[in-house]
Amino acid sequence: NQYPMLNDLSASFSPDGQWFLKNIHTGSQYSTFEGFSLVNPEVGFRGLPDEKESGYLSLRTSQAWAPDGSAFLAFGADEGRAGCPFNRIVIYHLSEEDRDSRNFTFEPEPGGTCLDAVWSPDSQSVAVIIQEDPNIIYIIDKQGKLQRKVELYWDNGEPRSLLLNS
């Protein structure tokens, strides 16, 4: 048996207290995650696959949950990618009623790497940035569909934004 190092273990409650997630480093390059319903102990999941069906998933428990507790984010990486390999966001929707989860994937730029994301306060959208161009913000909905692409820039010392598409 291989046990995770303490600093490789992280956990969080959903904001509504219905779910519990934990992220565990398994000794490989990437970590996996598990989730449990705190309302129905017969409902749980482990390292849910996304539509790519290959590669790795990881989550940052401090920012994973939508504020309303209805979904969470995971970061996906294709197998064999070096450096900061995460090139897609996977949004998981959980349901105790049908004991199933649904996931939706957003990949901003094919071949892009090192992305980060954060939920909107109303849990209806996610803002995504990528390392290749951190001045572009991708706004996606809960189903991973691009809603807007916004460029941030400075004009004579004043912050500006430009809507690139909608």
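Before reading on, note that the structure itself is shown above.
Residues numbered from 1 in each chain as written. Predicted model: local features only at pLDDT ≥ 70, side-chain atom pairs only at ≥ 80, totals over all residues. Heavy atoms only, no water.

Student: How would you summarise the packing of aromatic side chains if you had to cite specific residues and measurements?
Tutor: Under the criterion given, the structure shown has 4 aromatic pairs. Look at Phe72 and Tyr92: their rings are 5.2 Å apart centre to centre, the planes differ by 25°, and that puts the pair in the stacked class. Here the residue Phe72 occupies a position in strand β6 (residues 71-77), and Tyr92 occupies one in strand β7 (residues 86-95), the gap between them amounting to 20 residues. Neither residue differs from the other here; Phe72 and Tyr92 are each classed as buried. Ring centres of Phe106 and Tyr138 lie 5.9 Å apart, and the angle between their planes is 55°; this geometry places the pair in the tilted category. Within this pair, whereas Phe106 is found in strand β8 (residues 100-106), its partner Tyr138 is found in strand β11 (residues 133-141), the two being separated by 32 residues in sequence. For the pair Phe106 and Tyr138, a shared accessibility class is recorded, and that class is buried. (Phe/Tyr/Trp six-rings, centres within 6.5 Å; stacked < 30°, edge-to-face > 60°. Helix = DSSP H or I, 4+ residues; strand = E, 2+ residues; numbered from the N terminus. Buried < 20%, exposed > 50% of the residue type's maximum accessible area, 1.4 Å probe, protein only.)

Student: Residues and numbers for the nonpolar core, please.
Tutor: Counting 18 residues, the largest nonpolar core has Leu73, Ile89, Ile91, Ala117, Trp119, Val126 and Val128 as the members making the most contacts within it. Contributing elements (two or more residues each) for this core: β6, β7, β9 (115-119), β10 (125-130) and β11. No other element matches the 4 residues that β6 contributes to this core. (Core = buried A, V, L, I, M, F, W, Y, C linked by side-chain atoms within 4.5 Å.)

Student: How would you sum up the pairing of β10? Please name residues and give values.
Tutor: Of the two faces of β10, the one lined by Val126, Val128 and Ile130 is fully buried and the one lined by Ser125, Ala127 and Ile129 carries no buried residue. Sheet analysis places β9 next to β10, joined by 5 bridges and oriented antiparallel. Considered in β10, the bridge of Trp119 is made with Val126. What sits between the antiparallel neighbours β9 and β10 is a turn of 5 residues, in which Ser123 has the positive phi angle 65°. Of the strand pairs in this sheet, β10 and β11 are connected by 5 bridges, and their pairing is antiparallel. (Pairing = 2+ DSSP bridges.)

Student: Lay out unusual backbone geometry in plain terms, naming residues and giving numbers.
Tutor: One non-glycine residue, Ser123, lies in positive phi territory at about 65°. Among the secondary structure elements, Ser123 is positioned in the loop between β9 and β10. Taking the relative accessible area as the measure of exposure, Ser123 reaches 1% and is therefore buried.

Student: Let's hear about the environment of Ile89: which residues, and what values?
Tutor: Along the polypeptide, Ile89 turns up in strand β7. C-alpha of Ile89 to C-alpha of Glu107: the two residues are 18 residues apart in sequence and 6.5 Å apart in space. Among all residues touching Ile89, those that are not within four sequence positions of it are Leu73, Ala74, Phe75, Phe104, Thr105, Phe106, Leu115, Ala117 and Val128. (Contact = heavy atoms within 4.5 Å.)

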